[in-house]
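# Report on the structure
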Amino acid sequence: WSPSANRFVYMTSIREGIFIYPYTLKIFAAVPGNSSVLMEVPYHDYSVHSPQFTQDGSRITFLSNERKAEMSYSDFWNLDPATGERIRITDLERSGFRASGGYVWALSGRELYLDGKYDVNSPTAIYKLDISTGVITRVIEPSWDGRYPALSPDNTKLAFISGRSGWKEVWV
């Protein structure tokens, strides 16, 4: 949902045989029948996933492996819904970081909390990414996977999903 709660973004998919690919990034206005395509994905070339509005609602952030030599790396992109202009805002491959897909914007609009890892054989952890500097700082030290960070409205608490108790549960 947008911060004003009058629009939301989502991905549609397309099936080819047994494979399902992300296909279009759409925006839906809270008026019946009013959705429009923001971006069509050339799904044989790259993928797009996890769209959400920025904190101020002016842009849509998503993860994509467009322009990546190693397709297992994704970067964060911003899309202007009014113009369709897309701008890559990170280069995670350069740092060796693999984003898993769960993320949330901090209230400042300058940081993201995200799940991911540097080493493919290690558990997924929760990190903070400073968008302007590209610095990635581990926030939660994992013994088990930590995924899907969520900030409290006042940004003082961070919740995430982990199986550290033997069950996938919410931890704060």
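With that settled, the discussion passes to the environment of F8. Along the polypeptide, F8 turns up in strand β1 (residues 7-16). Here F8 falls in the partly exposed class, since its relative accessible area comes to 25%. As a C-alpha pair, F8 and A29 span 21 residues in sequence and 6.8 Å in three-dimensional space. Dropping the residues within four chain positions of it, F8 is found in contact with W1, K26, I27, F28 and F53.

With that settled, the discussion passes to the packing of aromatic side chains. Across all of its chains, the model carries nine aromatic pairs by this definition. Seen from their ring centres, F8 and F28 are 5.1 Å apart, and the 35° between their planes marks the pair as tilted. Placement of F8 in strand β1 and of F28 in strand β2 (residues 19-29) is noted, with a sequence separation of 20 residues between them. Judged by relative accessible area, F28 falls into the partly exposed class, the value being 23%. It is R98 that lies over the ring of Y73; its NZ or CZ is 4.2 Å from the centre.

Of note, S74 is situated in the loop between β5 (60-64) and β6 (75-79). For the pair S74 and P42, spaced 32 residues apart in sequence, the C-alpha separation works out to 15 Å. With residues near it in sequence (within four places) discarded, S74 still touches H49, L63, S64, N65 and L92.

Let's shift gears to the confidence of the model for the protein chain. Summarising the model, the protein chain shows a mean pLDDT of 89, and 96% of its residues fall at 70 or more. Summarising per-element confidence for the protein chain, the mean pLDDT is lowest in strand β3 (residues 35-40) (82) and highest in strand β10 (residues 125-130) (96).

Evaluation of the coordinates by the stated rule reveals three salt bridges. Measuring nitrogen to oxygen at the nearest pair gives 2.6 Å for the salt bridge that ties E66 to R86. Remark: R86 occurs in strand β7 (residues 86-88) and E66 occurs in the loop between β5 and β6; sequence separation between them is 20 residues. The partner of D145 in a salt bridge is R147, with the nearest N and O atoms 3.6 Å apart. Accessibility expressed as a relative area gives 25% for D145, which makes it partly exposed. On the accessibility criterion, R147 (25% relative accessible area) is partly exposed.

The next subject is the pairing of strand β11 (residues 136-140). As judged from the four bridges shared by β10 and β11, these two strands associate in the antiparallel manner. Pairing of K128 across the sheet is with T137, part of β11. The hairpin turn running from β10 into β11, its antiparallel successor, is five residues long, and G134 in that turn takes a positive phi close to 80°.

What follows concerns unusual backbone geometry. Not every positive phi belongs to a glycine, and S50 is a case in point at roughly 60°. Along the chain, S50 turns up in strand β4 (residues 48-53). Located in the positive-phi region is Y148, a residue other than glycine, with phi close to 55°. Taking relative accessible area as the criterion, Y148 reaches 52% and is therefore assigned exposed.

Below, the discussion takes up the environment of T137. For T137, the position within the fold is in strand β11. As for T137 and T12, which are separated by 125 residues in sequence, their C-alpha atoms are 32 Å apart. Aside from chain neighbours lying at most four places away, what touches T137 is Y127 and K128.

Pairing is antiparallel in the open sheet, where three strands are placed in the order β12-β13-β14. Each having just a single partner strand, β12 (146-151) and β14 (169-171) make up the two edges of the open sheet. Direction aside, neighbouring strands of the sheet carry axes that sit 25° apart on average.

What counts, and at which threshold
Per chain, residue numbering runs from 1 following the sequence as it is written. In view of the model being predicted, local features appear only for residues whose pLDDT reaches at least 70, and side-chain atom pairs are presented and counted only at 80 or more, with totals across whole chains, interfaces and linings using the full set of residues. Note that the side-chain values use all heavy atoms of the structure and ignore hydrogens as well as water. For helices the rule is a DSSP run of H or I covering at least 4 residues; for strands it is a run of E covering at least 2, with both sets numbered from the N terminus onward. Classification of residues uses two cut-offs on accessible area relative to the type maximum, computed with a 1.4 Å probe and protein chains only: under 20% is buried, over 50% is exposed, and between them is partly exposed. It only takes one pair of heavy atoms within 4.5 Å for two residues to be counted as in contact. Aromatic contacts are taken between Phe, Tyr and Trp rings whose centres are within 6.5 Å, Trp giving its six-membered ring; a plane angle under 30 degrees counts as stacked, one over 60 as edge-to-face, and the others as tilted. In this scheme, the term charge over a ring applies when either NZ of a lysine or CZ of an arginine sits within 6 Å of the ring centre and within 35 degrees of the ring normal. Confidence scores per residue from the predictor, reported as pLDDT, run from 0 to 100. By salt bridge we mean one thing: a side-chain nitrogen of Lys or Arg within 4 Å of a carboxyl oxygen of Asp or Glu. Note on pairing: two strands pair once DSSP finds at least 2 bridges between them. Fitted lines through C-alpha atoms give the axes, limited to the stretch in contact for helices. The angle between two N-to-C directions lies from 0 to 180 degrees.

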